[in-house]
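Structural features, examined
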Amino acid sequence: MISAALVGGAGYIGGELLRLLLGHPRVEPVAVVSSRLGGKRVDGVHPNLRGITDLTFCSQSELGRYDVLFLASAHGSTMALLPELADRAKTVIDLSGDFRLTDPAVYARHYGTEHSAPELLGDFVSGAPELARDELRGADRIAVPGCMATAAILALRPLAAEGLIEPDVMIDARTGSSGSGATAGQMNLHAERSGAMRVFAPAGHRHEAEIAQACGVRPTMTATGVEAVRGVQVLCRAVVRDAVDERDVRRAYRKHYADEPFVRIVAQRRGAYRLPEPKILLGSNFCDVGFALRAEARQVLAVAALDNLVKGGAGNAVQSLNIRMGWPERLGLEFPGLHPA
């Protein structure tokens, strides 16, 4: 049993991480930090945890030493926190965007601010198990990718790695309201968001940099908020190389994901769920990937879906921890999702 602390535990990602850790047989969450809710019960913010934990929020100054420290604070704050908190745990897992990119100039271009700790970027390994499993086994600094980035990377990586597609890729990403966080502003009030399909990032979404870094493609991405609370679905359009057919595409996905515990290939010719949909993935750590090919037009549509709070965040963090500790990857992540939902 190892001890865990969580900074930023009042948010949606923090709540999901707590849910997963409280059900994990080898991790004991013992400290949960909130800058505004010190002394309040955790289940007052995360009511699904009633009867599961008696933890209360603490301040950052009350932190001791732990085996693992999770940072689920806002983008831009982790890079300021890390130098102060680095000695509180041997292993640090960051769920913000601060250490996902390896180039500080790319970070500044996509996040609109200079990185305050560029010397630490090289210390972090990507918390994307499907891409960095070997590196994660010895990693003490782990940066979990963004939710839409994770879906797009898992959809595109096999096609790019096998040389099946041209580098220019168009990505249409859809996400539920929980992706805006627990403290989202007026534009995410129910009265404003209900019934809407709001294009909130028409061009230049910051996840483009993560996708380019992981896949070696040139993505152009739009992001739309839909009425769902949870879930991400990405539609990735690319031009295939000459003579690429459906067997080539399916073979690439099978080669890369045949042994992956949380990636499923979903590309059927008929049925209500013949391509990936986030609805049946809610609460699970699965990412479903699929495709549709128009060989005569040299066009492929790669589709991926996941729960933005689990495989797109907290679940990837726990899966990365399992690998780091040498445990089975499915430990604490066995929930399969719901149907109907």
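The notes below deal with the structure included here.

What counts, and at which threshold
Residues numbered from 1 in each chain as written. Predicted model: local features only at pLDDT ≥ 70, side-chain atom pairs only at ≥ 80, totals over all residues. Heavy atoms only, no water. Helix = DSSP H or I, 4+ residues; strand = E, 2+ residues; numbered from the N terminus. Contact = heavy atoms within 4.5 Å. 1 Å grid on protein atoms, 1.4 Å probe; cavity = no way out; pocket = protein on both sides within 12 Å on 5 of 7 lines; lining within 4 Å. Points joined across faces, edges and corners; volume = space filled by probe spheres on them. Core = buried A, V, L, I, M, F, W, Y, C linked by side-chain atoms within 4.5 Å. Buried < 20%, exposed > 50% of the residue type's maximum accessible area, 1.4 Å probe, protein only.

Let's talk about the side chain of Ser284
For Ser284, the location among the structural elements is in the loop between strand E12 (263-265) and strand E13 (287-294). Not counting residues up to four positions away in its chain, the partners in contact with Ser284 are Asp307, Val310, Lys311, Phe335, Pro336 and Gly337.

Concerning empty space enclosed by the protein
Across all of its chains, the model carries one cavity of 30 Å³ or more by this definition. Volume-wise, the largest cavity comes out at about 40 Å³. Lining the largest cavity are Ala128, Glu130, Leu131, Thr150, Ile153, Leu154 and Asn316. Of all the secondary structure elements, the ones that give two or more residues to the lining of the largest cavity are helix H5 (129-136) and helix H6 (147-161). Looking at the lining of the largest cavity, the element that brings in the most residues is H6, giving three residues.

Some remarks on the nonpolar core
One finds Ile165, Ile171, Ile211, Val234 and Cys236 to be the most contacted residues of the largest nonpolar core, which totals 41 residues. Those elements that place two or more of their residues in this core are H6, strand E8 (165-175), helix H8 (207-215), strand E10 (218-225), strand E11 (232-240), helix H9 (246-257), E13 and strand E14 (299-306). A per-element tally of this core places H6 first, with ten residues. Among all residues touching Val234, those that are not within four sequence positions of it are Met148, Ala151, Ala152, Ile171, Asp172, Ala173, Ala302, Val303 and Ala304. Counting residues in each nonpolar core, the second largest holds 39 residues, with Phe70, Phe262, Ala314 and Leu333 among its members.

Topic: the layout of surface pockets
Roughly 280 Å³ of volume is contained in the second largest pocket. The wall of the second largest pocket is formed by 17 residues, among which Arg100, Thr102, Ser126, Gln213 and Ala214 lie closest to the centre.

As for unusual backbone geometry
Residue His339 is joined to Pro340 through a cis peptide bond whose omega torsion reads -5°. The topology assignment puts Pro340 in the segment after helix H10 (310-325). Unusually for a residue other than glycine, Arg298 sits at a positive phi of about 55°. With respect to the helices and strands, Arg298 occurs in the loop between E13 and E14. On the basis of relative accessible area, Arg298 is assigned to the partly exposed category, the value being 30%.

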